[in-house]
Amino acid sequence: MISVDGIEYSFSRKLPAGADKCTQLFLLRLLLGNAAIRKGALTVRQRTNYSVFPSAAQSLTWTAALAELNGNYRTRISGPVFVRRAMSDNRVFFRDILNEFSHYFLHSYRGSHIAAFVSLYRVLERFSYSVPLLYCSTQRDFAKTFEDLKKMFSTQSIGELGLFNKFLRAGGLIDKIVLESLCEISFTSASGNEARYFDAAAKCYEKYEAKDASRATLGLRFGDVPKLIVAIRNRFFHLLSGGWQENISMTEIWDADEFFEGMNGVFCNFLSVVIVSVLVHKYSE
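In this report, the structure presented in the accompanying data block is examined. (Residues numbered from 1 in each chain as written. Predicted model: local features only at pLDDT ≥ 70, side-chain atom pairs only at ≥ 80, totals over all residues. Heavy atoms only, no water.)

## Remarks on the overall build of the chain
Here comes step 1: Along the backbone of the chain there are 13 helices and nine strands.
Here comes step 2: Residue burial in the chain is summarised as follows: out of 285 residues, 49% are buried.
Here comes step 3: Within the chain, counting contacts between residues at least 6 apart in sequence, those at least 24 apart form 68% of the total.
Here comes step 4: Taken as a whole, the chain presents about 13800 Å² of accessible surface, with 51% of it coming from carbon and sulfur. (Helix = DSSP H or I, 4+ residues; strand = E, 2+ residues; numbered from the N terminus. Buried < 20%, exposed > 50% of the residue type's maximum accessible area, 1.4 Å probe, protein only. Contact = heavy atoms within 4.5 Å. Areas by Shrake-Rupley, 256 points an atom, 1.4 Å probe, with all protein chains shown as cover.)

Written as structure tokens, this is what we have:
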């Protein structure tokens, strides 16, 4: 096991030389579903591949999972080369992202889905400004990069999250076909609260592509997931009286952890695809 910021990481296969100092490799293995994490007495074996949309159970060994990743992203990544290129690059940024994702999985395992959502939202905030710049740093066409940056920064008062959404729509990092794909949020409840969760989430965002109250499901484009994350954050973590906003009260949903549980998997999937896309663009051979 290797400890990073109070969390211990273990892997089924011996790491390449120097990998104990490469948080990017830990992050890649964690999001591909080939890692276990431990904090105190709690151990979580992460066996879901969040690098693909929709996410899927991970049954492959690390070697096979890496080969599949290269096929999905049309890249050439090998462990030793990845470590050599990534080890000293943007270490603080990727260490922060690794820490937040790790806490997301720990909180989820405990059933603390509000806290898990907070970790995901912190991931979105942490990379909203950095991801466009990291992607542009991988490009060799400087004229095109200049034009891309000029378009992104052309709007005043857009904010970091607005900048990220504008960058995402350009389609350079993630294929536009994937961004336009429909993803589904489905609420379940052991206490029969599905309709409450559906109504609360439905009022937070106006651009759902599909709504099915009978199944308590909402559909939206994959590329619009960050907008929904922000909308849910704004409507749940505020309870001001007055104004036009319809904030979410506990009297509406009754069980906030169960409410967030229905959405967090989709949120994690989106954020993971973004981060894995950055990693493969930056460190592919």
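Continuing now.
## A word on helix α3 (residues 79-86)
Here comes step 1: Residues of α3 that are buried: Gly79, Val81, Phe82, Val83 and Ala86.
Here comes step 2: Buried residues along α3 sit in contact with α1 (23-32), α2 (62-73) and α13 (256-283).

## A short note on the sheet that holds strand β9 (residues 217-221)
Here comes step 1: If you walk across this open sheet you meet the three strands as β7-β9-β8, and the pairing is antiparallel. Strands at the two margins of the open sheet, each flanked by one partner only, are β7 (182-186) and β8 (210-212). When strand polarity is set aside, the average angle formed by the axes of neighbouring strands in this sheet is 15 degrees.
Here comes step 2: Sheet topology note: the β7/β9 ladder contains five bridges and is antiparallel. If you follow isoleucine 185 over to β9, its bridge partner there is leucine 218.
Here comes step 3: This element, helix α10 (residues 194-202), spans β8 and β9 of the sheet and lies at about 30 degrees to β9. (Pairing = 2+ DSSP bridges. Axes fitted to C-alpha atoms, helices over the stretch in contact; angles between N-to-C directions.)

## Considering the nonpolar core
Across soluble globular proteins, you tend to see nonpolar side chains buried next to one another.
Here comes step 1: Counting residues in each nonpolar core, the largest one holds 89 residues, and the members touching the most others are Phe101, Phe105, Phe127, Phe187 and Phe259.
Here comes step 2: With 17 residues, the top contributor of residues to this core is α13. (Core = buried A, V, L, I, M, F, W, Y, C linked by side-chain atoms within 4.5 Å.)

## Focus on the environment of phenylalanine 53
Here comes step 1: Along the chain, phenylalanine 53 falls in the loop between β5 (48-49) and β6 (56-57).
Here comes step 2: When the C-alpha atoms of phenylalanine 53 and valine 178 are compared, they prove to be 7.8 Å apart, with 125 residues separating the residues in sequence.
Here comes step 3: Setting aside residues no more than four positions away along its own chain, phenylalanine 53 makes contact with Ser181, Leu182, Cys183, Phe222 and Asn269.

## Brief notes about the packing of helix α11 (residues 225-236) against α13
Here comes step 1: Viewed as axis vectors pointing N to C, α11 and α13 meet at an angle of 150 degrees, and their least axial separation amounts to 10 Å. It follows from the interaxial angle that α11 and α13 lie roughly antiparallel. For the pair α11 and α13, the sense of crossing is left-handed. Packed against α11, whose contacting residues are Val225, Pro226, Leu228, Ile229, Ile232 and Phe236, the element α13 presents Ala256, Phe259, Phe260, Met263, Val266, Phe267, Phe270 and Leu271 at the interface.
Here comes step 2: Taken together, the residues of the contact of α11 with α13 sort by class into 14 nonpolar, no polar and no charged. (Parallel < 35°, antiparallel > 145°, perpendicular 65-115°, else oblique. Left-handed = near helix turned anticlockwise from the far one by under 90°. Nonpolar A, V, L, I, M, F, W, Y, C, P; charged D, E, K, R; others polar.)

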